[in-house]
Amino acid sequence: MASLSMSAARAGWTPKQNKLFEEALAVHDRDTPDRWHKVARAVGGDKSADEIRRYYELLVHDVARIEAGGVPYPAYRPPCPGPNRPIGGYEADRLKHLKI
């Protein structure tokens, strides 16, 4: 099978199926017999045990890339100034709530 990205694989999944997948993974750990069949049953729909396993492997690959620094942080823009956010106060406000 050709390699897919997680975003391409996710295109065939509904948000509900994705949530059910995550919940099923929390219940059926790697030591669970017939893990992928049980997760597929929990997800429902037309997902086979092989599709579930491949989806999981893509997820593991993506997490490894993120943890290795292979995915850049998004360039978030600071919020616009307003009555409760003076100009230039974004950094100070952000640091005020930072817990180290």
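Here the structure is shown first, and the text comes after it.
We now turn to the structure provided with this report.

Calculation rules
Residues numbered from 1 in each chain as written. Predicted model: local features only at pLDDT ≥ 70, side-chain atom pairs only at ≥ 80, totals over all residues. Heavy atoms only, no water. Helix = DSSP H or I, 4+ residues; strand = E, 2+ residues; numbered from the N terminus. Axes fitted to C-alpha atoms, helices over the stretch in contact; angles between N-to-C directions. Parallel < 35°, antiparallel > 145°, perpendicular 65-115°, else oblique. Contact = heavy atoms within 4.5 Å. Nonpolar A, V, L, I, M, F, W, Y, C, P; charged D, E, K, R; others polar. Expected span 1.5 Å × (residues − 1). Buried < 20%, exposed > 50% of the residue type's maximum accessible area, 1.4 Å probe, protein only. Arc of directions from axis to C-beta. Phe/Tyr/Trp six-rings, centres within 6.5 Å; stacked < 30°, edge-to-face > 60°.

1. Topic: the overall build of the chain
Counting secondary structure elements, the chain contains 5 helices and 0 strands. The order of α-helices and β-strands along the chain, N terminus first, is α-α-α-α-α.

2. Some details on the packing of helix H2 (residues 15-27) against helix H4 (residues 49-67)
Packing of H2 against H4 leaves a shortest axis separation of 12 Å and a crossing angle of 85°. It follows from the interaxial angle that H2 and H4 lie roughly perpendicular. Note on element contacts: H4 touches H2 through Ile52, Tyr55, Tyr56 and Leu59, opposite Asn18, Phe21 and Leu25. Among the residues forming the contact of H2 with H4, the class breakdown is 6 nonpolar, 1 polar and no charged.

3. Looking at the packing of helix H3 (residues 35-43) against H4
With their axes 8 Å apart at the nearest point, H3 and H4 run at an angle of 100° to one another. For the element pair H3 / H4, the angle class is roughly perpendicular. Here H3 contributes Arg35, Trp36, His37, Val39, Ala40 and Val43 to the contact with H4, which in turn contributes Ala49, Ile52, Arg53 and Tyr56. Here the residues of the contact of H3 with H4 sort into 7 nonpolar, 1 polar and 2 charged.

4. Structural notes on H2
The α-helix advances 3.6 residues per turn, and as a result positions three or four apart in sequence lie on the same side. Over its 13 residues, H2 runs 19 Å from end to end, which matches the ideal 18 Å to within 8%, given 1.5 Å per residue. Regarding H2, the residues found buried are Gln17, Asn18, Phe21, Ala24 and Leu25. For H2, the arc enclosing every buried residue in end-on projection is 125°, short of the 170-degree limit, so these residues lie on one face. Opposite the buried face of H2, by more than 90 degrees, sit the exposed residues Pro15, Lys16, Ala26 and Val27.

5. Overview of the packing of aromatic side chains
Under the counting rule described, the total for this entry stands at 4 aromatic pairs. With centroids separated by 4.9 Å and ring planes inclined at 75°, the aromatic side chains of phenylalanine 21 and tyrosine 55 adopt a geometry described as edge-to-face. Remark: tyrosine 55 occurs in helix H4 and phenylalanine 21 occurs in helix H2; sequence separation between them is 34 residues. There is no split in this pair, since phenylalanine 21 and tyrosine 55 are both buried. Pairing tryptophan 36 with tyrosine 56 gives two aromatic rings, centres 5.1 Å apart and planes at 45°, and the pair type is tilted. With tryptophan 36 in helix H3 and tyrosine 56 in helix H4, the pair connects residues that are 20 residues apart, well separated along the chain. Members of the aromatic cluster, connected to one another through ring pairs, are Trp13, Phe21 and Tyr55.

6. Comments concerning unusual backbone geometry
Generally, phi is negative for residues other than glycine and the peptide bonds are trans, each holding for most cases. Even without glycine at this site, aspartate 34 takes up a positive phi of about 55°. For aspartate 34, a relative accessible area of 54% gives the class exposed.

7. Concerning the side chain of histidine 28
Here histidine 28 lies in the loop between H2 and H3. Residue classification places histidine 28 among the buried residues on the basis of a relative accessible area of 18%. Among all residues touching histidine 28, those that are not within four sequence positions of it are Arg35, Lys38 and Val39.

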